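Residue-level structure breakdown
Given next are the chains, with one letter for each unit.
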Amino acid sequence: MKYAFIINPIAGNGKKADKLCKDISSVAIDSEFDIELHYTTGPGSATHIADKVAASAERDGEEVRIYACGGDGTVNEVANGVYGHANAALGVIPIGSGNDLIRNFGGPKATDYKDLMSQLLAEEEVIDVMSYSYKRDGKSHNKIGLNAFNIGFDGNVAILATYFNKKTFIGGSLSYGLSIFLNLIEKSGQNLQVNIDGQQLFKGPLMMCTIGNGRFCGGGIESSPKAKLDDGLLDVLVVHRIPRRTVLKVLPKFSKGKLDEIKGIEKITEFKQGRKIDIIPRSGHMKFVVDGEIAETDELKIEVKDRAMRVLVPYLQV
């Protein structure tokens, strides 16, 4: 068994990454585990590294555990490199700003990676994958996501929060709070057609559309409280274009996964579970966020792949 750690060196403002590297080096010296360290160098490098590591182990007839060390964007990139390699399992060491995927695995401190030995000895679970395709500037893209898509208001919040995290001293929950405030001023949304399993769910202006394989987005917002990573379904929520005062009323409940508690919420929302989702902008291009990664397209197609990714879960161990 091989163990490969792919580290985003700027995650957690660099301090968390530095500490993690020291911990890994210490364990590597004091144990018999076959451990490798790799460092990302820019967008897409984590995917390339993960694919190369998995393919090399595959040629040697070995199993490999590949750990994404960073935030949700790093996890997304590593997962795209791991996907398709039957000999590889995905581990997550959350040292970024969002860390939403790992929140699905329970515990009040699910975003703590605990100790490295618990990571090395972690149990495996198998989860669904969101296979998606889109076109931009005549070029087709085919990738996977694990946790959630955000379009419209919550997608724009995530985009702006990512900017704050990368370009300023503002990070964590503060970046999301400020992003929500600025998006409320602009009241940004989208004009979309949303189809689920070949049937139209919604068509027209909307505030936001969230597609969840997992329950959380935006650094702990429980946007899809009914979602399960292994049920073969995606949870689609559409919130209609609504006045700012209604947005302020909806957001606290939305953040806590309690939209159902708002009287008359069914008049301004659409919810449905399905396996194939088509999102079609009715004018111009559409920006979307998947697991912390930002993209732009004229149409987005998403399909769930049942139990297609092995993941390591030390968080459930006592």
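Our subject is the structure listed above.
As a starting point, this report considers the structure included with it. Positions within a chain are numbered from 1, following the residues in the order the chain's sequence is written. For this predicted model, a pLDDT threshold of at least 70 governs which residues receive local features, and a threshold of 80 or more governs which side-chain atom pairs are given and counted, while totals over whole chains, interfaces and linings are taken from all residues. Derived side-chain values reflect all non-hydrogen atoms in the structure, with water molecules and hydrogen atoms excluded from consideration.

We now examine the overall build of the protein chain. The way it works is that DSSP assigns letters per residue, a run of H or I at least four long becomes a helix, a run of E at least two long becomes a strand, and they are numbered from the N terminus. Within the protein chain one finds seven helices and 15 strands. Note on exposure labels: buried denotes an accessible area under 20% of the residue type's maximum, exposed denotes more than 50%, and partly exposed covers the range between, all computed with a 1.4 Å probe on protein chains only. Counting across all 318 residues of the protein chain, residues that qualify as buried make up 53%. By the convention used here, residues are in contact when the closest approach between their heavy atoms is within 4.5 Å. The long-range fraction of contacts in the protein chain, counting pairs at least 24 apart against all pairs at least 6 apart in sequence, stands at 73%. Accessible areas in this description were obtained via Shrake-Rupley with a 1.4 Å probe; residue shielding takes into account the shown protein chains only. Carbon and sulfur atoms make up 51% of the accessible area of the protein chain, which amounts to about 14,700 Å² in all.

Right, let's talk about the packing of aromatic side chains for a bit. The description of an aromatic ring pair uses the distance of the two centres, along with the angle that the planes make with each other. Two rings belonging to Phe, Tyr or Trp (six-membered ring only in the last case) form a pair when the distance between their centres is within 6.5 Å. Interplanar angles under 30 degrees mark stacking, angles over 60 mark edge-to-face geometry, and anything in between is tilted. Applying the stated criterion across every chain yields a total of seven aromatic pairs. Each ring, one from Phe 5 and one from Tyr 67, has its centre 4.5 Å from the other, and the planes form 10°; the classification is stacked. Here the residue Phe 5 occupies a position in strand E1 (residues 2-7), and Tyr 67 occupies one in strand E3 (residues 64-70), the gap between them amounting to 62 residues. Judged by relative accessible area, Phe 5 falls into the buried class, the value being 1%. Classification of Tyr 67 as buried rests on a relative accessible area of 0%. Relative to Tyr 134, the ring of Tyr 132 lies with its centre 6.1 Å away and its plane at 10°, an arrangement referred to as stacked.

Here we take up the pairing of strand E14 (residues 293-297). Across five bridges, strand E13 (residues 286-290) lies against E14 in antiparallel orientation. Its bridge partner lying in E14, Met 286 is registered against Thr 297. Two strands are said to pair when DSSP picks up at least two bridges between them.

Moving on to the side chain of Glu 77. By the secondary structure assignment, Glu 77 is in helix H3 (residues 72-82). Asp and Glu are treated as the negative residues and Lys and Arg as the positive ones, with His and the ends of the chain left uncounted. The rule for a salt bridge is simple: a side-chain nitrogen of Lys or Arg has to be within 4 Å of a carboxyl oxygen of Asp or Glu. Despite its burial, Glu 77 pairs with no opposite charge; the closest candidate is Lys 143, at 7.3 Å N-O. Two N or O atoms count as a polar contact when they lie within 3.5 Å, although within protein this holds only if one can serve as hydrogen donor and the other as acceptor, and sequence-adjacent residues are included solely when both atoms are side-chain atoms. A distance of 3.2 Å separates a polar atom in the side chain of Glu 77 from the backbone nitrogen of Ala 46. Apart from the residues lying within four places of it in its own chain, the contact partners of Glu 77 are Gly 42, Pro 43, Gly 44, Ser 45, Ala 46, Thr 47 and Glu 293.

Quick look at the environment of Ser 140 now. Within the secondary structure, Ser 140 is located in strand E6 (residues 139-145). A relative accessible area of 45% places Ser 140 in the partly exposed class. A C-alpha to C-alpha distance of 9.8 Å links Ser 140 and Thr 297, two positions 157 residues apart in sequence. In contact with Ser 140, other than residues within four places in its own chain, are Tyr 134 and Lys 135.

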